[in-house]
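Topology and contacts: notes
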Amino acid sequence: MNGYISYASGIDYLPFGFAEKETYSLINEGLFNQKQHQPNKLPDFLSFLSSNDYQWIIIDCSSTLSSLNELSNSLADINLVLLNPDVESHVLLKQKTFPLNSYFLINGFLPTSLIQQDVSHIWQQSLSNLVPAILHRDEAMAESLAVKKTSGEYQPGSLIAQD
């Protein structure tokens, strides 16, 4: 099984959060050693990703484990940063530096919120790598995750499925 879950046909999921803190430490050390000694090769525990079975590999990183983020970003062609359109995210966004291959995507947008409209407008004016799409807040996302289906499969008419 290689640690991943076959979610649906053509979609496999390598979950973040299953391991204990000690395991994260070992993964972090393994990735660091891999980057130093063989930077163009995937670590052994991720070798299954090098097959041609995948068009996209999305690595979901914890925002609290910065060393893992740095190492996974070094493996990535694109760094996609999800932004919640609120003041806290705006402040944090200004305090961080991102790799040059970073793109920003607004997530959880509620069009009836004036503050979210304002923050989104500021980002549209100031972020050159903002993806020209917005993911709306929709309960269908949580419901589809609960039944282990994609939102397009579970509720194809939902706003998030259309996004």
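Please refer to the structure higher up on the page.
What comes next is a walk through the structure. Keep in mind the model is a prediction, meaning the values are calculated, not measured. (Residues numbered from 1 in each chain as written. Predicted model: local features only at pLDDT ≥ 70, side-chain atom pairs only at ≥ 80, totals over all residues. Heavy atoms only, no water.)

1. Some thoughts on helix 3 (residues 87-95)
- Where helix 3 is concerned, the buried positions are Ser89, His90 and Leu93. Projected down its long axis, helix 3 shows its buried positions confined to an angular sector of 100°, all on one face. For helix 3, the exposed residues set more than 90 degrees away from the buried face come down to Glu88, Leu92 and Gln95.
- Taken together, the buried residues of helix 3 touch strand 3 (79-83), strand 4 (102-109) and helix 4 (114-126). (Buried < 20%, exposed > 50% of the residue type's maximum accessible area, 1.4 Å probe, protein only. Helix = DSSP H or I, 4+ residues; strand = E, 2+ residues; numbered from the N terminus. Arc of directions from axis to C-beta. Contact = heavy atoms within 4.5 Å.)

2. Side note on the pairing of strand 5 (residues 130-136)
- Here strand 4 runs beside strand 5; their pairing, made up of four bridges, is parallel. Following the sheet pairing, isoleucine 106 is matched in strand 5 by isoleucine 134.
- In the classification by handedness, the crossover that spans strand 4, the intervening helix 4 and the parallel strand 5 is right-handed. (Pairing = 2+ DSSP bridges. Right-handed = clockwise from strand over helix to strand, strands pointing away.)

3. Structural notes on the packing of aromatic side chains
- With the rule as written, the count across this model stands at one aromatic pair.
- A ring pair is formed by phenylalanine 98 and phenylalanine 104, whose centres lie 5.2 Å apart and whose planes are at 90°; its orientation type is edge-to-face. (Phe/Tyr/Trp six-rings, centres within 6.5 Å; stacked < 30°, edge-to-face > 60°.)

4. Remarks on the nonpolar core
- Within the largest apolar cluster, 10 residues are counted, these being Val81, Leu83, Leu93, Phe104, Ile106, Phe109, Val119, Trp123, Leu127 and Leu130.
- Looking at this core, the elements with two or more residues in it are strand 3, strand 4 and helix 4.
- The element contributing the most residues to this core is strand 4, with three residues. (Core = buried A, V, L, I, M, F, W, Y, C linked by side-chain atoms within 4.5 Å.)

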